[in-house]
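Geometric and topological summary
Take a look at the letters that make up each chain.
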Amino acid sequence: MEEENPETTRELHETSLYQEIRPTQWPIIYSPEYNIGFLGLEKLHPFDAGKWGKVYGFLKDAGMIRDDTTVRATEATERDLLVVHTKGYLNNLKLSSIIEGVDEWSINVAQITEVPPVALLPNFIVQRKVLRPFRYHTGGTILAGKLAQERGWAINIGGGFHHCSADRGGGFCAYADITLSIHFMFDRLQGISKVLIIDLDAHQGNGHERDFMDDKRVYIMDVYNRGIYPHDGYAKRAINKKVELQHFTDDKVYLALVDRHTTEALDEFQPDAVVYNAGTDILEGDPLGNLSITAQGIIERDRLVFSHVRSRNIPIMMVTSGGYQRSTARIIADSVLNLKKQGLIPCEEAENAPKPPKFFNLPFFKK
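Small disclaimer: the values here were computed from a predicted structure and weren't measured. (Residues numbered from 1 in each chain as written. Predicted model: local features only at pLDDT ≥ 70, side-chain atom pairs only at ≥ 80, totals over all residues. Heavy atoms only, no water.)

Observations concerning the overall build of the protein chain
Cut-off, in case you're wondering: Think of it this way: any DSSP run of H or I at least four residues long counts as a helix, any run of E at least two long counts as a strand, and we number them from the N terminus. Whether a residue is buried, partly exposed or exposed follows from its accessible area with a 1.4 Å probe, protein chains only, as a fraction of its type maximum: under 20%, in between, or over 50%, in that order. By the convention used here, residues are in contact when the closest approach between their heavy atoms is within 4.5 Å. Under the convention used here, a 1.4 Å probe and the Shrake-Rupley method define accessible areas, while residue burial counts only the protein chains that appear.
Scanning the protein chain for helices and strands turns up twelve helices and eight strands. Residues classed as buried in the protein chain amount to 57% of the 367 residues present. Sequence separation of at least 24 residues holds for 73% of the intrachain contacts in the protein chain that already meet a minimum separation of 6. Taken as a whole, the protein chain presents about 15,800 Å² of accessible surface, with 51% of it coming from carbon and sulfur.

Topic: the sheet that holds strand S1 (residues 28-30)
Keep this limit in mind: Two strands qualify as a pair provided that DSSP identifies no fewer than 2 bridges between them. Lines fitted to C-alpha atoms define the axes here, with helix axes fitted over just the stretch in contact, and angles between the N-to-C directions of these axes take values from 0 to 180 degrees.
Reading across the sheet, the eight strands line up as S2-S1-S3-S8-S7-S4-S5-S6 and stay open at both edges, with parallel pairing between neighbours. Every interior strand has two partners, whereas the edge strands, strand S2 (71-72) and strand S6 (241-245), have only one. In this structure, strand S4 (residues 195-199) lies alongside strand S5 (residues 218-225), joined through five bridges in parallel fashion. Note that in S5 the partner of Leu-196 across the bridge is Tyr-219. Strands strand S3 (153-156), S4, strand S7 (273-277) and strand S8 (316-319) of the sheet are contacted by helix H10 (residues 295-310), whose axis makes an angle of about 160° with S8.

What about the pairing of S5?
Selection criterion: We call a crossover right-handed when, viewed with both strands directed away from the observer, the connection leading from the first strand over the helix to the second proceeds clockwise.
Of all eight residues making up S5, eight are buried, and the element is well covered by its neighbours. Here S5 shows two buried faces, one formed by Val-218, Ile-220, Asp-222 and Tyr-224 and the other by Tyr-219, Met-221, Val-223 and Asn-225. Traced from S4 through helix H7 (residues 206-211) to S5, the parallel crossover comes out right-handed. Alignment of S5 against S6, held across five bridges, turns out to be parallel. When the bridges of S6 are listed, Val-223 appears paired with Val-243.

Topic: the confidence of the model for the protein chain
The test is simple: Confidence scores per residue from the predictor, reported as pLDDT, run from 0 to 100.
Overall, the predicted model of the protein chain reaches an average pLDDT of 88, with 83% of residues at or above 70. Contacts of residues 96-105 to residues separated by more than four positions or lying in other chains number 19 contacts, the stretch itself having pLDDT below 50.

As for the packing of helix H9 (residues 251-269) against H10
Worth spelling out the cut-off: Angular relationships are summarised with four words: roughly parallel below 35 degrees, roughly antiparallel beyond 145, roughly perpendicular across 65 to 115, and oblique for the angles in between. By convention, the crossing between two helices is left-handed when the near helix turns anticlockwise from the far helix through less than a right angle, and right-handed when the turn is clockwise. Here the term charged refers only to Asp, Glu, Lys and Arg, the term nonpolar to Ala, Val, Leu, Ile, Met, Phe, Trp, Tyr, Cys and Pro, and the term polar to all other amino acids, Gly among them.
Axis separation between H9 and H10 bottoms out at 10 Å; the angle between their running directions is 15°. Comparing the axis directions of H9 and H10 gives the class roughly parallel. For H9 against H10, the interelement crossing comes out right-handed. Seen from H9, the contacting residues are Asp-251, Tyr-254, Leu-255, Val-258, Asp-259, Thr-262, Thr-263 and Leu-266; seen from H10, they are Gly-297, Glu-300, Arg-301, Leu-304, Val-305, His-308 and Val-309. Taken together, the residues of the contact of H9 with H10 break down into seven nonpolar, four polar and four charged.

A few points about the packing of aromatic side chains
The condition that has to hold: Two aromatic rings from Phe, Tyr or Trp, using only the six-membered ring of Trp, form a pair when their centres are within 6.5 Å; if the ring planes differ by under 30 degrees the pair is stacked, by over 60 it is edge-to-face, and anything between is tilted. Each ring is checked for a lysine NZ or an arginine CZ that lies within 6 Å of its centre and within 35 degrees of its normal; such an atom marks a charge sitting over the ring.
For the structure shown, the criterion picks out eight aromatic pairs. Relative to Tyr-56, the ring of Tyr-30 has its centre 4.5 Å away and its plane inclined at 15°; by these criteria the two rings are stacked. Pair noted here: Tyr-30 is in strand S1 and Tyr-56 is in helix H1 (residues 51-61), with a separation of 26 residues, a long-range link. Assigned by exposure class, Tyr-30 and Tyr-56 land together as buried. One residue, Arg-330, lies across the ring of Phe-58, its end atom 4.2 Å from the ring centre.

Observations regarding the side chain of Lys-51
Applicable threshold: Asp and Glu count as negative and Lys and Arg as positive, but His and the ends of the chain are not part of the count. Salt bridges are defined as contacts in which a side-chain nitrogen from Lys or Arg sits within 4 Å of a carboxyl oxygen from Asp or Glu. Think of a polar contact as two N or O atoms within 3.5 Å of one another; within protein, one of them needs to be a possible hydrogen donor and the other a possible acceptor, and neighboring residues in sequence only count if both atoms come from side chains.
Within the secondary structure layout, Lys-51 lies in helix H1. No salt bridge is formed by the buried Lys-51; the nearest opposite charge belongs to Asp-201, separated by 7.2 Å. Polar side-chain contacts of Lys-51 include one of 2.9 Å to the backbone oxygen of Ser-321. Every residue in contact with Lys-51, bar those within four places of it in the chain, is listed here: Asn-35, Thr-280, Thr-320, Ser-321, Gly-322, Gly-323, Thr-328, Ala-329 and Ile-332.

Some thoughts on the side chain of Thr-70
Looking at where Thr-70 falls in the secondary structure, it is placed in the loop between H1 and S2. For Thr-70, the side chain forms a polar contact with the side chain of Tyr-56, separated by 2.9 Å. Among residues more than four places away in sequence, those in contact with Thr-70 are Gln-25, Trp-26, Ile-28, Tyr-56 and Ile-65.

Observations regarding the nonpolar core
Put simply, the test is: For the purposes of this section, nonpolar cores are sets of buried Ala, Val, Leu, Ile, Met, Phe, Trp, Tyr and Cys residues that join through side-chain atoms within 4.5 Å.
Core analysis: the largest hydrophobic core is formed by 105 residues, its most contacted members being Ile-182, Met-185 and Phe-306. A per-element tally of this core places helix H5 (residues 123-151) first, with nine residues. Those residues in contact with Phe-306 that lie beyond four places of it in its chain are Trp-153, Ile-155, Tyr-276, Ser-311, Ile-316, Met-318, Leu-339, Leu-344 and Ile-345.

What about unusual backbone geometry?
Between Tyr-229 and Pro-230 the backbone carries a cis peptide bond, its omega angle lying at 15°. Here Pro-230 is to be found in the loop between S5 and helix H8 (233-236). Although it is not a glycine, His-231 adopts a positive phi angle of roughly 55°. For His-231, a relative accessible area of 52% corresponds to the exposed category.

As C-alpha coordinates, this is what we get:
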(Lines give C-alpha, C1' and ligand atoms only; values in the text may rest on other atoms or scores of the structure.)
Protein backbone atom coordinates (compact mmCIF):
# COMPACT_ATOMS: atom_id res chain seq x y z
CA MET A 1 0.00 0.00 0.00
CA GLU A 2 1.39 3.40 -1.00
CA GLU A 3 2.24 5.74 1.86
CA GLU A 4 0.15 8.86 2.14
CA ASN A 5 2.18 11.89 1.10
CA PRO A 6 2.04 14.56 3.82
CA GLU A 7 1.92 17.23 1.13
CA THR A 8 -1.54 16.02 0.15
CA THR A 9 -2.93 16.58 3.64
CA ARG A 10 -1.94 20.24 3.92
CA GLU A 11 -4.76 22.48 5.14
CA LEU A 12 -5.93 24.68 2.27
CA HIS A 13 -6.18 28.43 2.69
CA GLU A 14 -8.62 30.73 0.94
CA THR A 15 -7.16 32.17 -2.25
CA SER A 16 -8.41 34.45 -5.00
CA LEU A 17 -5.89 33.16 -7.54
CA TYR A 18 -8.00 30.26 -8.82
CA GLN A 19 -10.57 32.47 -10.52
CA GLU A 20 -13.27 31.27 -12.87
CA ILE A 21 -13.13 32.50 -16.46
CA ARG A 22 -15.71 32.82 -19.21
CA PRO A 23 -15.82 30.43 -22.21
CA THR A 24 -15.14 33.49 -24.40
CA GLN A 25 -11.76 34.08 -22.76
CA TRP A 26 -8.56 32.54 -24.08
CA PRO A 27 -6.59 30.79 -21.30
CA ILE A 28 -3.91 33.44 -21.87
CA ILE A 29 -2.97 35.31 -18.71
CA TYR A 30 -1.49 38.78 -18.42
CA SER A 31 -1.60 41.93 -16.33
CA PRO A 32 -0.23 45.41 -17.04
CA GLU A 33 1.25 45.07 -13.56
CA TYR A 34 3.79 42.57 -14.94
CA ASN A 35 6.01 45.28 -16.39
CA ILE A 36 8.81 46.53 -14.15
CA GLY A 37 10.08 50.09 -13.94
CA PHE A 38 11.92 51.73 -11.07
CA LEU A 39 13.38 55.12 -11.90
CA GLY A 40 15.21 53.77 -14.93
CA LEU A 41 17.37 51.43 -12.85
CA GLU A 42 15.85 48.43 -14.63
CA LYS A 43 17.95 49.43 -17.66
CA LEU A 44 21.08 48.40 -15.74
CA HIS A 45 20.03 44.75 -16.19
CA PRO A 46 20.01 43.25 -19.73
CA PHE A 47 16.50 41.83 -19.15
CA ASP A 48 13.79 43.71 -21.06
CA ALA A 49 11.60 44.54 -18.07
CA GLY A 50 8.69 45.53 -20.32
CA LYS A 51 8.72 42.58 -22.72
CA TRP A 52 5.51 41.07 -21.37
CA GLY A 53 3.43 44.10 -22.31
CA LYS A 54 5.02 44.05 -25.77
CA VAL A 55 4.06 40.40 -26.26
CA TYR A 56 0.49 41.19 -25.26
CA GLY A 57 0.42 44.19 -27.59
CA PHE A 58 1.70 42.17 -30.55
CA LEU A 59 -1.00 39.53 -30.01
CA LYS A 60 -3.65 42.25 -29.86
CA ASP A 61 -2.31 43.91 -33.00
CA ALA A 62 -2.48 40.56 -34.78
CA GLY A 63 -6.19 40.33 -33.92
CA MET A 64 -5.87 37.13 -31.90
CA ILE A 65 -6.84 38.57 -28.52
CA ARG A 66 -8.64 41.52 -26.96
CA ASP A 67 -8.74 42.79 -23.40
CA ASP A 68 -12.14 41.16 -22.89
CA THR A 69 -11.03 37.78 -24.29
CA THR A 70 -7.94 37.32 -22.11
CA VAL A 71 -7.49 36.70 -18.39
CA ARG A 72 -6.12 39.25 -15.95
CA ALA A 73 -3.71 37.87 -13.36
CA THR A 74 -4.19 38.75 -9.70
CA GLU A 75 -1.46 39.33 -7.17
CA ALA A 76 -0.27 36.40 -5.07
CA THR A 77 -0.72 37.20 -1.38
CA GLU A 78 1.73 36.35 1.37
CA ARG A 79 -0.51 33.45 2.37
CA ASP A 80 -0.35 32.15 -1.21
CA LEU A 81 3.44 32.45 -1.21
CA LEU A 82 3.74 30.65 2.12
CA VAL A 83 2.49 27.46 0.46
CA VAL A 84 6.12 27.09 -0.64
CA HIS A 85 8.25 29.93 0.71
CA THR A 86 9.52 30.16 4.24
CA LYS A 87 8.47 33.09 6.37
CA GLY A 88 12.13 33.91 6.84
CA TYR A 89 12.73 34.19 3.11
CA LEU A 90 9.76 36.50 2.59
CA ASN A 91 10.90 38.67 5.49
CA ASN A 92 14.36 38.89 3.94
CA LEU A 93 12.81 40.51 0.88
CA LYS A 94 11.58 43.29 3.13
CA LEU A 95 14.40 43.87 5.60
CA SER A 96 18.16 43.97 5.79
CA SER A 97 20.48 44.80 8.61
CA ILE A 98 23.66 44.71 6.53
CA ILE A 99 24.09 48.44 7.16
CA GLU A 100 23.96 49.11 10.88
CA GLY A 101 20.90 51.11 11.87
CA VAL A 102 19.25 50.74 8.45
CA ASP A 103 16.61 48.04 8.23
CA GLU A 104 14.57 49.14 5.22
CA TRP A 105 17.15 49.20 2.44
CA SER A 106 16.67 46.51 -0.15
CA ILE A 107 20.00 44.71 -0.22
CA ASN A 108 18.49 41.26 -0.76
CA VAL A 109 16.31 42.32 -3.67
CA ALA A 110 19.30 44.09 -5.26
CA GLN A 111 21.19 40.79 -5.19
CA ILE A 112 18.25 38.85 -6.65
CA THR A 113 17.63 41.34 -9.48
CA GLU A 114 21.36 41.86 -10.08
CA VAL A 115 20.87 45.64 -10.06
CA PRO A 116 23.09 46.92 -7.19
CA PRO A 117 21.61 50.46 -6.97
CA VAL A 118 18.29 48.93 -5.90
CA ALA A 119 19.95 48.46 -2.51
CA LEU A 120 19.79 52.23 -2.02
CA LEU A 121 16.05 52.51 -2.57
CA PRO A 122 13.58 52.54 0.34
CA ASN A 123 11.91 49.17 0.63
CA PHE A 124 8.40 50.55 0.03
CA ILE A 125 9.53 51.59 -3.47
CA VAL A 126 11.11 48.21 -4.13
CA GLN A 127 7.96 46.44 -2.92
CA ARG A 128 5.74 48.39 -5.29
CA LYS A 129 8.00 48.68 -8.34
CA VAL A 130 9.82 45.33 -8.30
CA LEU A 131 8.32 42.73 -5.97
CA ARG A 132 4.67 43.58 -6.62
CA PRO A 133 5.05 42.91 -10.37
CA PHE A 134 6.77 39.61 -9.53
CA ARG A 135 3.81 38.68 -7.32
CA TYR A 136 1.42 39.35 -10.22
CA HIS A 137 3.53 37.10 -12.47
CA THR A 138 3.40 34.44 -9.77
CA GLY A 139 -0.37 34.72 -9.48
CA GLY A 140 -0.60 34.26 -13.24
CA THR A 141 1.55 31.12 -13.20
CA ILE A 142 -0.50 29.60 -10.39
CA LEU A 143 -3.74 30.29 -12.28
CA ALA A 144 -2.26 28.81 -15.47
CA GLY A 145 -2.15 25.38 -13.83
CA LYS A 146 -5.88 25.45 -13.17
CA LEU A 147 -6.76 26.74 -16.63
CA ALA A 148 -4.53 24.15 -18.31
CA GLN A 149 -6.48 21.36 -16.66
CA GLU A 150 -9.81 22.95 -17.60
CA ARG A 151 -8.95 23.91 -21.18
CA GLY A 152 -6.11 21.55 -22.06
CA TRP A 153 -3.59 24.39 -22.28
CA ALA A 154 -2.78 27.77 -20.80
CA ILE A 155 -0.14 30.44 -21.35
CA ASN A 156 1.08 32.93 -18.80
CA ILE A 157 2.72 35.72 -20.80
CA GLY A 158 5.04 36.21 -17.82
CA GLY A 159 6.48 34.06 -15.07
CA GLY A 160 9.04 31.29 -15.26
CA PHE A 161 11.22 32.34 -12.30
CA HIS A 162 13.11 29.06 -12.32
CA HIS A 163 16.13 30.18 -10.26
CA CYS A 164 14.05 30.86 -7.15
CA SER A 165 13.45 28.11 -4.59
CA ALA A 166 11.57 28.03 -1.31
CA ASP A 167 14.29 29.75 0.68
CA ARG A 168 16.41 31.71 -1.79
CA GLY A 169 16.13 33.82 -4.92
CA GLY A 170 18.56 34.78 -7.65
CA GLY A 171 18.95 35.43 -11.36
CA PHE A 172 16.09 37.98 -11.52
CA CYS A 173 13.78 35.48 -9.81
CA ALA A 174 12.23 36.51 -6.47
CA TYR A 175 9.34 34.03 -6.13
CA ALA A 176 9.23 30.32 -6.97
CA ASP A 177 6.21 30.53 -9.27
CA ILE A 178 6.77 27.16 -10.93
CA THR A 179 7.02 25.33 -7.61
CA LEU A 180 3.99 27.21 -6.29
CA SER A 181 1.87 26.42 -9.33
CA ILE A 182 2.66 22.72 -9.07
CA HIS A 183 1.85 22.59 -5.35
CA PHE A 184 -1.44 24.39 -5.99
CA MET A 185 -2.23 21.76 -8.64
CA PHE A 186 -1.41 18.89 -6.30
CA ASP A 187 -3.43 20.42 -3.47
CA ARG A 188 -6.49 21.69 -5.35
CA LEU A 189 -6.96 19.88 -8.67
CA GLN A 190 -8.34 16.36 -8.86
CA GLY A 191 -6.49 14.04 -11.19
CA ILE A 192 -3.16 15.84 -10.95
CA SER A 193 -0.65 13.66 -9.07
CA LYS A 194 2.33 13.65 -11.48
CA VAL A 195 3.78 16.75 -13.15
CA LEU A 196 6.52 16.96 -15.77
CA ILE A 197 8.61 20.13 -15.94
CA ILE A 198 10.11 20.78 -19.37
CA ASP A 199 12.62 23.56 -18.81
CA LEU A 200 14.03 24.89 -22.09
CA ASP A 201 15.39 28.20 -20.86
CA ALA A 202 19.12 28.57 -21.66
CA HIS A 203 19.94 28.40 -17.95
CA GLN A 204 19.64 25.48 -15.56
CA GLY A 205 16.39 25.66 -13.57
CA ASN A 206 18.04 25.22 -10.21
CA GLY A 207 15.19 26.74 -8.19
CA HIS A 208 12.48 24.17 -8.92
CA GLU A 209 15.15 21.47 -8.94
CA ARG A 210 16.06 22.24 -5.34
CA ASP A 211 12.39 22.36 -4.36
CA PHE A 212 11.53 18.97 -5.88
CA MET A 213 14.82 17.21 -5.08
CA ASP A 214 13.19 14.21 -3.40
CA ASP A 215 9.63 14.49 -4.73
CA LYS A 216 8.85 11.54 -6.99
CA ARG A 217 5.64 13.21 -8.16
CA VAL A 218 7.70 15.64 -10.25
CA TYR A 219 9.90 14.70 -13.21
CA ILE A 220 12.32 17.34 -14.47
CA MET A 221 13.69 17.58 -17.99
CA ASP A 222 16.20 20.42 -18.27
CA VAL A 223 17.99 21.42 -21.48
CA TYR A 224 20.51 24.17 -20.79
CA ASN A 225 23.92 25.63 -21.62
CA ARG A 226 26.33 23.95 -19.22
CA GLY A 227 28.82 26.81 -19.44
CA ILE A 228 26.70 29.60 -17.95
CA TYR A 229 24.97 30.57 -14.66
CA PRO A 230 24.03 29.07 -12.21
CA HIS A 231 26.47 26.08 -12.17
CA ASP A 232 24.40 24.50 -9.39
CA GLY A 233 25.83 21.01 -9.03
CA TYR A 234 23.65 20.13 -6.06
CA ALA A 235 20.43 21.02 -7.91
CA LYS A 236 21.46 18.91 -10.90
CA ARG A 237 20.86 15.82 -8.77
CA ALA A 238 17.11 16.45 -9.11
CA ILE A 239 17.13 16.41 -12.93
CA ASN A 240 15.62 13.23 -14.35
CA LYS A 241 16.53 14.00 -17.96
CA LYS A 242 19.55 16.27 -18.18
CA VAL A 243 20.63 17.65 -21.55
CA GLU A 244 23.69 19.87 -21.29
CA LEU A 245 24.44 22.03 -24.33
CA GLN A 246 27.71 23.49 -25.55
CA HIS A 247 28.16 27.18 -26.36
CA PHE A 248 26.72 28.15 -29.78
CA THR A 249 24.55 25.04 -30.21
CA ASP A 250 22.50 25.59 -33.39
CA ASP A 251 18.96 24.82 -34.55
CA LYS A 252 19.64 21.43 -36.10
CA VAL A 253 21.32 19.93 -33.05
CA TYR A 254 19.04 21.65 -30.55
CA LEU A 255 15.70 20.77 -32.13
CA ALA A 256 16.70 17.12 -32.55
CA LEU A 257 17.57 16.95 -28.85
CA VAL A 258 14.34 18.65 -27.77
CA ASP A 259 12.26 16.39 -30.01
CA ARG A 260 13.85 13.14 -28.81
CA HIS A 261 14.06 13.91 -25.12
CA THR A 262 10.55 15.37 -24.88
CA THR A 263 9.16 12.17 -26.38
CA GLU A 264 11.23 10.04 -24.01
CA ALA A 265 10.24 12.05 -20.93
CA LEU A 266 6.54 11.86 -21.74
CA ASP A 267 6.69 8.12 -22.45
CA GLU A 268 8.77 7.36 -19.38
CA PHE A 269 6.87 9.43 -16.80
CA GLN A 270 3.34 9.66 -18.29
CA PRO A 271 2.46 12.86 -16.41
CA ASP A 272 -0.95 14.26 -15.57
CA ALA A 273 0.20 17.78 -16.51
CA VAL A 274 3.19 19.54 -18.06
CA VAL A 275 4.80 22.81 -16.99
CA TYR A 276 6.72 24.24 -19.93
CA ASN A 277 9.35 26.88 -19.14
CA ALA A 278 9.81 28.45 -22.58
CA GLY A 279 12.74 30.82 -22.16
CA THR A 280 13.85 32.69 -25.27
CA ASP A 281 17.38 33.39 -24.05
CA ILE A 282 18.47 30.56 -26.34
CA LEU A 283 18.25 33.10 -29.19
CA GLU A 284 21.49 33.75 -31.08
CA GLY A 285 23.14 36.89 -29.81
CA ASP A 286 21.63 36.70 -26.34
CA PRO A 287 24.26 38.16 -23.99
CA LEU A 288 23.61 35.61 -21.23
CA GLY A 289 22.40 32.47 -23.04
CA ASN A 290 25.34 32.12 -25.45
CA LEU A 291 23.53 29.73 -27.79
CA SER A 292 22.83 30.06 -31.52
CA ILE A 293 19.14 29.28 -31.97
CA THR A 294 17.28 31.34 -34.58
CA ALA A 295 13.89 32.96 -34.15
CA GLN A 296 12.39 30.27 -36.37
CA GLY A 297 14.13 27.65 -34.24
CA ILE A 298 12.37 28.96 -31.11
CA ILE A 299 9.01 28.91 -32.88
CA GLU A 300 9.62 25.33 -34.02
CA ARG A 301 10.76 24.33 -30.51
CA ASP A 302 7.49 25.53 -29.01
CA ARG A 303 5.52 23.77 -31.72
CA LEU A 304 7.35 20.50 -31.02
CA VAL A 305 6.66 20.64 -27.29
CA PHE A 306 2.99 21.53 -27.66
CA SER A 307 2.51 18.94 -30.41
CA HIS A 308 3.97 16.10 -28.35
CA VAL A 309 2.04 17.04 -25.21
CA ARG A 310 -1.29 17.92 -26.81
CA SER A 311 -1.30 14.75 -28.97
CA ARG A 312 -1.31 12.78 -25.72
CA ASN A 313 -4.21 14.85 -24.29
CA ILE A 314 -2.04 16.04 -21.39
CA PRO A 315 -2.71 19.56 -20.02
CA ILE A 316 0.18 21.95 -20.65
CA MET A 317 0.88 25.37 -19.17
CA MET A 318 3.57 27.62 -20.59
CA VAL A 319 5.52 30.44 -18.95
CA THR A 320 7.89 32.74 -20.85
CA SER A 321 10.90 32.92 -18.48
CA GLY A 322 14.22 34.41 -19.68
CA GLY A 323 15.00 36.29 -22.87
CA TYR A 324 17.37 39.22 -22.87
CA GLN A 325 17.06 40.87 -26.27
CA ARG A 326 14.57 43.45 -27.47
CA SER A 327 13.50 41.09 -30.27
CA THR A 328 12.32 38.33 -27.96
CA ALA A 329 8.86 39.82 -27.38
CA ARG A 330 8.13 39.66 -31.10
CA ILE A 331 9.37 36.06 -31.25
CA ILE A 332 7.20 34.96 -28.31
CA ALA A 333 4.14 36.55 -29.92
CA ASP A 334 4.94 34.96 -33.29
CA SER A 335 5.31 31.58 -31.60
CA VAL A 336 1.91 31.88 -29.90
CA LEU A 337 0.36 32.89 -33.21
CA ASN A 338 1.96 29.86 -34.84
CA LEU A 339 0.60 27.55 -32.13
CA LYS A 340 -2.84 28.92 -32.91
CA LYS A 341 -2.30 28.50 -36.66
CA GLN A 342 -1.24 24.88 -36.12
CA GLY A 343 -4.42 24.18 -34.12
CA LEU A 344 -2.48 23.45 -30.93
CA ILE A 345 -4.15 26.13 -28.74
CA PRO A 346 -7.80 26.20 -29.81
CA CYS A 347 -10.49 28.34 -28.19
CA GLU A 348 -13.36 28.72 -30.64
CA GLU A 349 -15.57 30.64 -28.23
CA ALA A 350 -12.91 33.29 -27.67
CA GLU A 351 -12.05 33.48 -31.34
CA ASN A 352 -15.67 34.13 -32.24
CA ALA A 353 -16.58 36.27 -29.23
CA PRO A 354 -18.57 39.38 -30.23
CA LYS A 355 -16.91 42.68 -29.49
CA PRO A 356 -18.23 44.43 -26.37
CA PRO A 357 -20.07 47.75 -26.69
CA LYS A 358 -17.70 50.67 -27.23
CA PHE A 359 -18.30 52.17 -23.81
CA PHE A 360 -16.71 49.06 -22.25
CA ASN A 361 -13.43 50.14 -23.84
CA LEU A 362 -13.31 53.27 -21.72
CA PRO A 363 -10.56 53.27 -19.06
CA PHE A 364 -13.21 53.11 -16.32
CA PHE A 365 -14.23 49.62 -17.43
CA LYS A 366 -10.73 48.21 -17.99
CA LYS A 367 -9.20 46.15 -15.21
